[in-house]
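# Summary of structural features
Spelled out, the chains give:
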Amino acid sequence: LTDIASADINKEIALEINRNVPLAIGEFHYQYQILEKSSDKIIVLFAAVTKKQIAQYLEVLEHLGLENLIIDISTIAYFNCFLFLIRPNKRRKCYC
């Protein structure tokens, strides 16, 4: 992404999603994180998963009698657990 005002980033993300994701925006959940921002570009980490896939995971958890607290990308979840282990914080929980 090129440099844009913070207020406009959601609009720009939505445009990029429409250009690059081959699904209707109502068919999936997504999240993004700004990794780097400079005067000429913004680097964004973007992740998306279909609502159907989420529903399948939640159905399995419910069948097993488990309560869902968070759904995360496994690689990012492992990284967050690693950070938790090397820098424990009583207010932060580790979900792997």
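Residues numbered from 1 in each chain as written. Predicted model: local features only at pLDDT ≥ 70, side-chain atom pairs only at ≥ 80, totals over all residues. Heavy atoms only, no water.

## What about helix α2 (residues 51–63)?
Within an α-helix, residues lying three or four positions from one another point in the same direction, as the helix has 3.6 residues per turn. The condition that has to hold: Helix numbers and strand numbers start at the N terminus; a helix is a DSSP run of H or I with at least 4 residues, a strand a run of E with at least 2. A helix is expected to span 1.5 Å for every residue after the first.
Taking 1.5 Å per residue as the helical rise, α2 with its 13 residues ought to reach 18 Å, and the 18 Å between its terminal C-alpha atoms agrees with that figure. Gly65 occupies a position one or two residues after α2 and carries a positive phi of about 75°.

## A few points about the pairing of strand β1 (residues 28–37)
Each regular strand carries side chains that alternate between the two faces of the sheet. Worth spelling out the cut-off: A pair of strands is treated as paired once DSSP finds two or more bridges between them.
Of the pairings in the sheet, the one linking β1 to strand β2 (residues 42–50) comprises 9 bridges and is antiparallel in character. Note on β2: the bridge partner recorded for Glu36 is Ile43. The turn linking β1 back onto β2 is made up of 4 residues.

## Considerations on the layout of surface pockets
Summary: where empty space remains is shown by rolling a probe the size of a single water molecule over the atoms. Under the convention used in this document: Only protein atoms enter the 1 Å grid used here, on which a cavity is any set of points holding a 1.4 Å probe that cannot leave and a pocket is any open set flanked by protein within 12 Å on both sides along at least five of seven lines; residues with an atom within 4 Å of a point are listed as lining. Grid points are joined across faces, edges and corners, and a volume is the space filled by probe spheres set on the points. Under this grouping Gly is polar, as are all residues other than the nonpolar Ala, Val, Leu, Ile, Met, Phe, Trp, Tyr, Cys and Pro and the charged Asp, Glu, Lys and Arg.
In this structure, the largest pocket spans a volume of roughly 890 Å³. What lines the largest pocket is a set of 29 residues, and nearest its centre among them are Gln31, Ile70, Ile71, Asp72 and Ile73. Breaking the lining of the largest pocket down by element, the ones donating at least two residues are β1, β2, α2 and α3 (74–86). Ranked by residues supplied to the lining of the largest pocket, first place goes to α3 with 6 residues. The residue inventory of the lining of the largest pocket, partitioned by class, reads 21 nonpolar, 6 polar and 2 charged.

## As for the nonpolar core
This is how the line gets drawn: By nonpolar core is meant a set of buried Ala, Val, Leu, Ile, Met, Phe, Trp, Tyr and Cys residues that side-chain atoms within 4.5 Å join together. We call a residue buried when its accessible area falls under 20% of the maximum for its residue type, exposed when it is over 50%, and partly exposed in between, using a 1.4 Å probe and counting protein chains only.
In terms of nonpolar packing, the biggest core is built from 6 residues, these being Ile9, Ile13, Ile17, Val21, Phe28 and Ile42. At 3 residues, the largest contribution of residues to this core is made by helix α1 (residues 9–20).

Read these as geometric descriptors, not functional statements.
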